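# Observations on the three-dimensional arrangement
As a plain string of letters, each chain reads:
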Amino acid sequence: MIIAAGGGRRIGGPEALLHQGEKPLISQMIETLGEAGCEQVVVVLGAAADQVRETADLAEATVVVNKAWGTGVGSSIRAGLAALTDDGIEAVVVVPVDMPGLTVAAVRRVAALPYPDVLVCATYDGLRGYPMLFGRRHWSGIATLASADVGARPYLLAHKDQIVDISCDSVADGSRIDSPELMALYGLSIPEQRVGV
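The following paragraphs examine the structure supplied in this document. All of these numbers come straight from a predicted model, not from anything done at the bench.

Across its full length, the chain holds 7 helices and 10 strands. Compactness check: the chain gives a C-alpha radius of gyration of 16 Å against a globular reference of 16 Å for 197 residues, within 12% of the reference. Along the first, second and third principal axes, the C-alpha set of the chain runs to 45 × 35 × 30 Å. Expressed as a percentage of its 197 residues, the buried residues of the chain come to 49%. About 9400 Å² of surface is accessible on the chain, with carbon and sulfur atoms providing 50% of the total.

Written out as structure tokens, the structure is:
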């Protein structure tokens, strides 16, 4: 699941419109999850959803539009989990779209235990980050507790003894793009947005 619904207030535009050169970052993320072996990729859009559909290749993904995206990431997590209707799916990898240093190796590491009762977090310098893996038995609890801008954090804190931490320092960069300086560092840009988006 790729969370790509935010308005990107700190970076000057919706995260889902981030481009690295000519390529939309969201297309790169879909490819990364596919190469890592994710059978279904759900993309949760929100801000500028129509423009994202026009500029990015989303053909390989199940697209969900979170109309309540302005309430924070919690509603996007709920929307994404609700789209996973196949009973055969036992766990979901969750990543934000604004993470250009995500790699296939990091996703594979975190997804190595795709069981219904697992909770896995990537760590960077000992701090938890993305990707995360949520086993199916946790989905309803995560959806219930997911709130505003902290997403799954309340649920994870309540179940911290069950989380498996997987170090990804050596295979990925866990940075998230939350400033114009980081955008410049990673060679990212946001195309001009249409009025009314």
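With that settled, consider the nonpolar core. Residues Ile-2, Ala-4, Ile-26, Val-43, Leu-45 and Val-52 are the most contacted members of the largest nonpolar core, which totals 43 residues. Those elements that place two or more of their residues in this core are β1 (2-4), α1 (25-35), β4 (42-45), α2 (49-55), β6 (91-96), α4 (104-110) and β7 (119-124). If one sorts the elements of this core by residue count, α1 sits on top with 5 residues. Apart from residues lying up to four places away in sequence, Ile-26 is in contact with Ala-4, Ala-16, Val-43, Leu-45, Val-52, Ala-56, Leu-58 and Val-97.

To continue, consider the pairing of strand β5 (residues 62-65). Pairing analysis gives 4 bridges linking β4 to β5, with the strands arranged parallel. Bridge pairing in β5 links Val-44 to Val-64. In this view, the connection linking β4 to its parallel neighbour β5 by way of α2 has right-handed handedness.

Moving on to the pattern of salt bridges. Close approach of charged atoms lets side chains of opposite charge pair. Within the structure shown, the criterion is met by 4 salt bridges. Between Arg-176 and Asp-98 there is a salt bridge, with the nearest N and O atoms lying 2.9 Å from each other. Here the residue Arg-176 occupies a position in the loop between β9 (163-167) and α7 (180-185), and Asp-98 occupies one in the loop between β6 and α4, the gap between them amounting to 78 residues. Judged by its relative accessible area of 5%, Asp-98 falls in the buried class.

With that out of the way, let us pick up the state of the cysteines. Per the stated rule, a full pass over the model turns up 0 disulfides. The structure places no disulfide on Cys-38, whose sulfur is separated from the nearest cysteine sulfur, that of Cys-168, by 13 Å. Looking at Cys-38, the relative accessible area reads 22%, which means it is partly exposed. There is no disulfide at Cys-168, and the cysteine sulfur nearest it, in Cys-121, is 10 Å away. Taking the relative accessible area as the measure of exposure, Cys-168 reaches 0% and is therefore buried.

Here we come to the sheet that holds strand β3 (residues 23-24). Spatially, the 3 strands line up as an open sheet ordered β3-β2-β10, and their pairing is antiparallel. What marks the edges here is a single partner per strand, and that holds for β3 and β10 (188-189). Two strands pair when backbone bridges link them, and strand β2 (residues 19-20) and β10 are joined in this way by 2 bridges, in the antiparallel orientation. When the bridges of β10 are listed, His-19 appears paired with Ser-189.

A separate point is a nonpolar patch on the surface. A surface patch of nonpolar side chains, about 240 Å² in accessible area, is lined by Leu-113, Tyr-115 and Val-164. Looking at the element boundaries, Val-164 is found in strand β9. For Val-164, a relative accessible area of 34% gives the class partly exposed.

Reading the values: rules and limits
- Residues numbered from 1 in each chain as written.
- Predicted model: local features only at pLDDT ≥ 70, side-chain atom pairs only at ≥ 80, totals over all residues.
- Heavy atoms only, no water.
- Helix = DSSP H or I, 4+ residues; strand = E, 2+ residues; numbered from the N terminus.
- Rg over C-alpha atoms; globule rule 2.2 N^0.38 Å.
- Buried < 20%, exposed > 50% of the residue type's maximum accessible area, 1.4 Å probe, protein only.
- Areas by Shrake-Rupley, 256 points an atom, 1.4 Å probe, with all protein chains shown as cover.
- Core = buried A, V, L, I, M, F, W, Y, C linked by side-chain atoms within 4.5 Å.
- Contact = heavy atoms within 4.5 Å.
- Pairing = 2+ DSSP bridges.
- Right-handed = clockwise from strand over helix to strand, strands pointing away.
- Salt bridge = Lys/Arg side-chain N within 4 Å of Asp/Glu carboxyl O.
- Disulfide = S-S within 2.5 Å.
- Patch = residues over 30% accessible without salt bridge, like charges linked within 9 Å, V, L, I, M, F, W, Y side chains within 5 Å.

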